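Residues per chain, in single letters:
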Amino acid sequence: MKNQKQSFFHRLDKSVVWTIVGVLFLFSTSIVVTLIAPQYVDPSWTEPSSIYQVQMHDVADPNLYVNAAAKRTETLQFVHHLKEDYTLLAFVESASTRIIAPPHLEKYVTRVGAPATKLTSKLLLLRKPAPSTSPDGFLASVVVEQLQKKLQEKWVKANPGWQEKRLAKPYYEIYELYSPGGTEAFSLAETDGVFEHWIDKNFQIIDEAPQQRYHLDEGVLYVKNPQEYRVSPHQIGSIEGWKFDPKGKKIENVEELTSPQFGFMSREQLIDLGEHIFAIEGCWYCHTDQCRTLVQDTVLNGTPTFPAPPSSANEYIYNRITFPGTRRIGPDISRAGVKRPSREWHKAHFWAPREASPGTIMPAYRHFFDKDPQITSKSPFGVPNYRFEAVYQYLMTKGTRITPPTQAWWKGEDPIQTLLIIDGVKTTGKWSNVP
Amino acid sequence: MNNTAKAIVEPAKVEYDDRAVKQMIYPSIVFLVIGMLVGVYISLNPFVFPDHISSEYMNFGRVRPVHVLNITLLWLLSADIGLVYYFVPRLCGVPLWSSRLATVTSWIWWPTLILGTFSMQFGTNYGWEYAELPMLMLKFIPIKLLVVVAWLLFMVNIFMTISKRKYEKMYVAIWYTMGALVWTAFTFTVGNLALETVPGGISRVNMNFFYVHNLVGLIFTPLGLAIAYYFIPRTSNTPLYSHKLSMIGFWSIAFFYSWIGAHHIMHGPMSQWLQTTSVIFSIWLFIPVWTVITNFFATMKNNWKQYTQSVPVRFLMVGTLYYLVTCMQGPLMALRNVNEITSKTDWVIGHSHIALYGTFTFFALAGIYYVVPVIVKKPLWSQALADWHFSLNFLGSMMMFIALSTGGYLQGLAWASWSNGNSYVEFLHNFSQLSFVQTNENLYWWWVARSVSGVIILAGNLLFLLNMINTIILKPVSEEERKSKKMIPDARVGA
């Protein structure tokens, strides 16, 4: 072996050696300049586009669960995983909602007309008060009854002659604020599984000391008026299922929630799976995921009132695979979360694309749906399964996390002012966010 | 100007064991036809007949990579490897270093790639352009790693053969082959195995486009040119016009090609300086292509009569013309204002087909037409079939390129028409007059033309497959029978 090696190097003449050295040198230079240098030269390649994007990815996505296998329930359900000293909660009254609290929890309630929203990472929940006495002697049900009467009397006084005018006496939703004990809980989400509650003005966090780094951000995600998520079993024909029932059984932990019986998946899992499905189904062969710095792209991706801001590298930092695309047989999806937010539209579009989008050549993706022979669901299509929910959640991240919702481009708050640029008002047509 | 070319004469005494050539070329011809069949299918569904076949396994998104991987890996790369196994030993004057190693390489190469390619329909796409092969199949088969192993074994075999060569001077085809071997090893590793070593997002996109362009420019181009540099003088029995010019071509490709990846994402979420760099280097690529065109056409200068007599010459020279076309399109497409119209349209698809099909497939077909009769020691079974093969391929390819380029350009213009005017209100108005779906509907007849051209090309290649099979398996015809049946004379050099 050694002899062979010696003879090989012996026979290699100088020109071959120089060729190989030359080729490697030229190749390495291009690799250093075009592949390695940019991520250090261009901060947008590795920095997030907004703290909203970071918090959605780090805080919200892993802690929001969706029962994507909607077979055994009638409706899609969203559940928050609340963690003591981590998740920020707010207990906010409104015109028709009131909250009563035992004296030591009073400070966490944001009353009607309060100047600032109060947030806390202490684990508290709301419930319709239990008829029995709570351990600390706080008779919630009695208090609620009294409050209901008082509020209705107040309304009657403010609306004399309500019976002649055929007005209905309002019924106020009154909840009791209580501490459930333990360090985690599950609550029924108030949001639709795409946007979370976000606040960046007039708020204060009532904790002894900041518990998480993100609590110090200029704006924070929070869960509003969480009620505990409880379930009770039911049966439709031969199919066993379960539904949300405030008086039902409590969910003990994440393992139970994600077990096959309930089939919940976190939005983080769904988004990852959605990206995987996007890859294997070859969606990226037809749909691009980049709004180019060209007027026609901002028009294609824009709303009837505002053009879409061109894509910047910050938007893609959390992708494992990014699909910029090389062919646009179908429209661009980089702002799909804003252009096509409706879950119903997507159901129709994957089930029968030509119904949702006449003239399209897109094939149907019926394996995103389960068969529903007894038509137990109210949907005109098959019942969407976890694949559908995964792709939907993935698409909903497109274009919706560039800035916090309070500075959203589709509300005219575009930080790079795309509209002014393409109307020729701001500069000579160069987008300044693209370095 | 003609110095080393005279050295291309096979020594009468060396016995070349062409087993390796057969192992790579024979299956590649079958996959050429399979790849084109799949290509015709995806051109019809969903572009011409969208309403008929729609299922989890037959949708366009899952079948398109089957076509692309078949053509790029199972046909083109494999045929190129087979032809390299043919001409490198002959240019070195020694047999291949190890026939056994070549057999081991083939046994790793084919099952790995066949498994990887045909698994696409079952949801194994890796998600990156041209890097669709899965990393791990069925949880234990390391597809990409096995491809790298096979490539390294092939590299060792060829480098050892070159190191033991008899002729001191190295012909340009050897330079290109060595370059291709080294570049492929690096490029394949970067694009397939190293993607997850850079941060998520645009860094990976950048790396992927680096890989995509080096795949065409530093793998298929040098291999294809090596084949052309060998077979043009070989089939026409004339020396190459200029060695110096070919060296300029080689080194300019070596320098310029790896900087242009970013031109795939012009106007996109990519740093402007990187985009501009890619444009400049793309324009510089005019240099190597002109050295190649000059060299090849000058070589054929007094030999054009062979064009009418020899099918390989026809494929090689038309391939050279297509090389000129594609290498003019490419740099121009990198320019920002041209890119605004051509990118993301069928123009890009036309461009990729002119390159991989019009240029490199034609070169490989020419090589195979020359090589197969030599290695089976029988003449080509039918000259008429070969003539038809060329004519159908030429007609079909012209039709396809015109259809795709024109249709694509028109679609790009249609999209750009949304930007006529001065304000968002006007742009929206333009958009309301011409919707995105309508720009697709307007392409319908160009897509029909593309499918028809695909069928013509497929027909030509079916004739080719038939011709090759008969040449390989049928008993040789004796000279007397040949003359009595008025069959074509044995066209092999030195037969």
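If you're wondering where the values come from, they're calculated on a predicted model, not measured in any experiment. (Residues numbered from 1 in each chain as written. Chains lettered and ligands numbered in written order. Predicted model: local features only at pLDDT ≥ 70, side-chain atom pairs only at ≥ 80, totals over all residues. Heavy atoms only, no water.)

**Some thoughts on the overall build of chain A**
Note the threshold: Secondary structure elements are defined from DSSP: runs of H or I of at least 4 residues count as helices, runs of E of at least 2 residues count as strands, and each element is numbered from the N terminus. Contacts are residue-level and defined by heavy atoms, with any inter-residue pair within 4.5 Å sufficient. Accessibility throughout is a Shrake-Rupley quantity obtained with a 1.4 Å probe, and a residue counts as covered only by protein chains that appear here.
Across its full length, chain A carries 12 helices and 19 strands. Counting only contacts in chain A whose residues sit at least 6 apart along the sequence, the fraction spanning at least 24 positions is 70%. Split by element, the accessible area of chain A, about 20600 Å² in all, is 56% carbon and sulfur.

**Points about the overall build of chain B**
Test applied: We compute the radius of gyration over the C-alpha atoms and compare it with the globule rule, which gives 2.2 Å times the number of residues raised to the power 0.38. By the counting rule applied here, Lys and Arg register as positive and Asp and Glu as negative, while His and the ends of each chain are not counted. Think of each charge as sitting on NZ of Lys, CZ of Arg, CG of Asp or CD of Glu.
Broken down by element type, chain B carries 18 helices and 0 strands. For chain B, whose C-alpha radius of gyration is 23 Å, the value lies close to the compact-globule estimate of 23 Å for 495 residues. Its C-alpha atoms give chain B principal-axis dimensions of about 80 × 50 × 50 Å. Sequence separation of at least 24 residues holds for 81% of the intrachain contacts in chain B that already meet a minimum separation of 6. Accessible surface computed for chain B: about 18100 Å², of which carbon and sulfur atoms make up 69%. In chain B, 31 positive and 20 negative side-chain charges are present, and the distance between their average locations comes to 11 Å.

**What about the pattern of salt bridges?**
Residue and element names in this part refer to chain A. The condition is simple: The term salt bridge refers to a side-chain nitrogen of Lys or Arg lying within 4 Å of a carboxyl oxygen of Asp or Glu. Only protein chains enter the accessibility calculation, which uses a 1.4 Å probe; a residue is then buried when its area is under 20% of its type maximum, exposed when over 50%, and partly exposed in between.
Evaluation of the coordinates by the stated rule reveals 26 salt bridges over all chains. The salt bridge involving arginine 127 is made with glutamate 176; its shortest N-O contact spans 3.1 Å. One end of the pair, arginine 127, is in strand S7 (residues 125–127); the other, glutamate 176, is in strand S8 (residues 173–178), with 49 residues separating them in the sequence. A relative accessible area of 27% means that arginine 127 is categorised as partly exposed. With a shortest N-O distance of 2.9 Å, glutamate 315 and arginine 335 are connected by a salt bridge. With glutamate 315 in the loop between helix H7 (295–301) and helix H8 (336–339) and arginine 335 in the loop between H7 and H8, this residue pair connects regions lying 20 residues apart in the sequence.

**Points about a nonpolar patch on the surface**
Residues and elements named next belong to chain B. To keep things clear, this is the line we draw: For patch building, the residue pool is restricted to those with more than 30% relative accessible area and no salt bridge; the joining distance is 9 Å between like charges and 5 Å between nonpolar side chains (Val, Leu, Ile, Met, Phe, Trp, Tyr).
Taken together, the side chains of Ile248, Phe255, Ile280, Trp284 and Ile287 present a nonpolar region at the surface, about 420 Å² in accessible area. Listing elements by their share of the nonpolar patch, those giving two or more residues are helix H7 (243–256) and helix H8 (272–284). Here isoleucine 280 lies in helix H8. A relative accessible area of 41% places isoleucine 280 in the partly exposed class.

**Quick notes on the layout of surface pockets**
Heads up, the condition is: Only protein atoms enter the 1 Å grid used here, on which a cavity is any set of points holding a 1.4 Å probe that cannot leave and a pocket is any open set flanked by protein within 12 Å on both sides along at least five of seven lines; residues with an atom within 4 Å of a point are listed as lining. Grid points are joined across faces, edges and corners, and a volume is the space filled by probe spheres set on the points. Each residue gets one label: Ala, Val, Leu, Ile, Met, Phe, Trp, Tyr, Cys and Pro are nonpolar, Asp, Glu, Lys and Arg are charged, and the others, such as Gly, are polar.
Taken as a whole, the largest pocket holds about 910 Å³ of empty space. Every residue lining the largest pocket is counted, 40 residues in all, and those nearest its centre are A:His287, A:Gly330, A:Pro331, A:Trp345 and A:His349. Only H8, helix H9 (343–351) and helix H11 (386–396) of chain A together with helix H2 (60–92) and helix H16 (436–441) of chain B provide two or more residues apiece to the lining of the largest pocket. Among the elements that make up the lining of the largest pocket, the one with the highest residue count is H9(A) (4 residues). Here the lining of the largest pocket is composed, by residue class, of 24 nonpolar, 13 polar and 3 charged.

**Considering helix H9 (residues 286–299) of chain B**
An α-helix turns once every 3.6 residues. As a result, residues three or four positions apart point the same way. All names here are of chain B. Short version of the rule: Residue count minus one, scaled by 1.5 Å, sets the expected span of a helix.
Along its 14 residues, H9 runs 20 Å from first to last C-alpha, staying within 8% of the 20 Å computed at 1.5 Å per residue. The set of residues buried in H9 consists of Pro288, Val289, Thr291, Val292, Ile293, Asn295, Phe296, Ala298 and Thr299. Those residues of H9 hidden inside the fold are in contact with helix H6 (202–236), H7, H8, helix H11 (311–334) and helix H13 (346–376).

**Points about the interface of chain B and chain A**
Heads up, the rule is: Throughout, buried area stands for the accessible area (probe radius 1.4 Å) lost by two parts on being put together, summed over both.
Counting from both sides, the interface comprises 91 residues of chain B and, opposite them, 82 residues of chain A. Roughly 7400 Å² of surface becomes buried between chain B and chain A when both sides are summed, with 64% attributable to carbon and sulfur atoms. Summed over the three residues of chain B that lose the most area to chain A, namely B:Trp259, B:Lys344 and B:Tyr424, the buried surface amounts to 11% of that side. The interface formed by chain B and chain A holds 4 salt bridges in total.

**Some remarks on the nonpolar core**
Rules: Here, nonpolar core refers to any group of buried Ala, Val, Leu, Ile, Met, Phe, Trp, Tyr and Cys residues whose side-chain atoms link them within 4.5 Å.
By size, the foremost hydrophobic cluster in this structure holds 200 residues, and its most contacted members are B:Tyr85, B:Phe87, B:Trp109, B:Trp151, B:Tyr229, B:Phe231 and B:Ile368. In this structure, B:Phe231 is in contact with B:Leu83, B:Tyr86, B:Phe87, B:Ser236, B:Leu316, B:Gly367, B:Tyr370 and B:Val371, ignoring residues within four places of it in sequence.

**Considerations on unusual backbone geometry**
In this structure, B:Pro46 follows B:Asn45 across a cis peptide bond, with omega equal to 20 degrees. Looking at the secondary structure, you find B:Pro46 in the loop between helix H1 (19–44) and H2. With a phi close to 45 degrees, A:Asn225 is a non-glycine residue in the positive phi region. The phi dihedral of B:Asn237 is positive, around 55 degrees, even though this residue is not glycine. Relative to the elements of secondary structure, B:Asn237 occurs in the loop between H6 and H7.

**Some words on the pairing of strand S14 (residues 230–236) of chain A**
All names here are of chain A. For the record, the criterion: We call two strands paired when DSSP finds no fewer than two bridges between them.
Taken together, the 2 bridges between S14 and strand S16 (residues 249–250) define a ladder with antiparallel strand orientation. Note on S16: the bridge partner recorded for arginine 230 is lysine 250. In terms of strand pairing, S14 meets strand S15 (residues 239–244) through 6 bridges, oriented antiparallel. Bridged to valine 231 within S15 is phenylalanine 244.

**Considerations on empty space enclosed by the protein**
Residue and element names in this part refer to chain B. Evaluated as defined, the whole model comprises 10 cavities of 30 Å³ or more. Considered as a void within the structure, the second largest cavity measures approximately 200 Å³ in volume. Around the second largest cavity sit 20 residues that line it, and Leu73, Leu77, Phe188, Tyr211 and Leu215 are the ones nearest its centre. Listed by contribution, the elements that provide at least two residues to the lining of the second largest cavity are H2, helix H4 (143–163), helix H5 (172–193) and H6. Looking at the lining of the second largest cavity, the element that brings in the most residues is H5, giving 5 residues. Looking at the lining of the second largest cavity, its residues break down into 16 nonpolar, 4 polar and no charged.

**Overview of the side chain of B:Asn45**
All names here are of chain B. Rule in force here: Polar contact criterion, stated in full: a pair of N or O atoms within 3.5 Å, where within protein one must be able to donate a hydrogen and the other to accept it, and residues adjacent in sequence count only if both atoms are side-chain atoms.
Residue position: asparagine 45 is located in the loop between H1 and H2. Side-chain polar atoms of asparagine 45 contact the side chain of tyrosine 41, separated by 2.8 Å. A distance of 3.4 Å separates a polar atom in the side chain of asparagine 45 from the backbone oxygen of isoleucine 53. In this structure, asparagine 45 is in contact with Pro50, Ile53, Met58 and Phe60, ignoring residues within four places of it in sequence.

**Considering the packing of H1(B) against helix H3 (residues 99–118) of chain B**
The description of two helices packed together rests on the angle between their axes and the distance between the axes. All names here are of chain B. Threshold: Interaxial angles span 0 to 180 degrees and are taken between N-to-C directions of axes, which are lines fitted to C-alpha atoms, for helices over the stretch in contact. Roughly parallel means an angle under 35 degrees; roughly antiparallel means over 145; roughly perpendicular covers 65 to 115; every other angle is labelled oblique. In this scheme, a crossing is called left-handed if the near helix is turned counterclockwise away from the far one by less than a right angle; it is called right-handed if the turn is clockwise.
Contact geometry of H1 with H3 gives a least axis separation of 8 Å together with a crossing angle of 15 degrees. Relative to H3, the element H1 is oriented roughly parallel. Here H1 and H3 pass one another in a crossing that is left-handed. Each of Arg19, Ala20, Gln23, Met24, Pro27, Ser28, Phe31 and Ile34 in H1 lies in contact with H3, whose residues at this interface are Ser99, Ala102, Thr103, Ser106, Trp109, Trp110, Ile114 and Phe118. Classifying every residue of the contact of H1 with H3 by side-chain character gives 10 nonpolar, 5 polar and 1 charged.

**Digging into the environment of B:Trp97**
Checked against the element boundaries, B:Trp97 lands in the loop between H2 and H3. Spatially, the C-alpha atoms of B:Trp97 and B:Val156 are 9.1 Å apart, while their sequence positions differ by 59 residues.

**Observations concerning the sheet that holds S15(A)**
Reading across the sheet, the 3 strands line up as S15-S14-S16 (chain A) and stay open at both edges, with antiparallel pairing between neighbours. One side of each edge strand has no neighbouring strand; the edge strands of this open sheet are S15 and S16 of chain A.

**Looking at the confidence of the model for chain B**
Heads up, the condition is: Scored from 0 to 100, pLDDT records how confident the predictor is in each individual residue.
With 94% of its residues at a pLDDT of 70 or more, chain B shows a mean pLDDT of 92. Scored as a complex, the prediction yields pTM 0.92 and ipTM 0.92.

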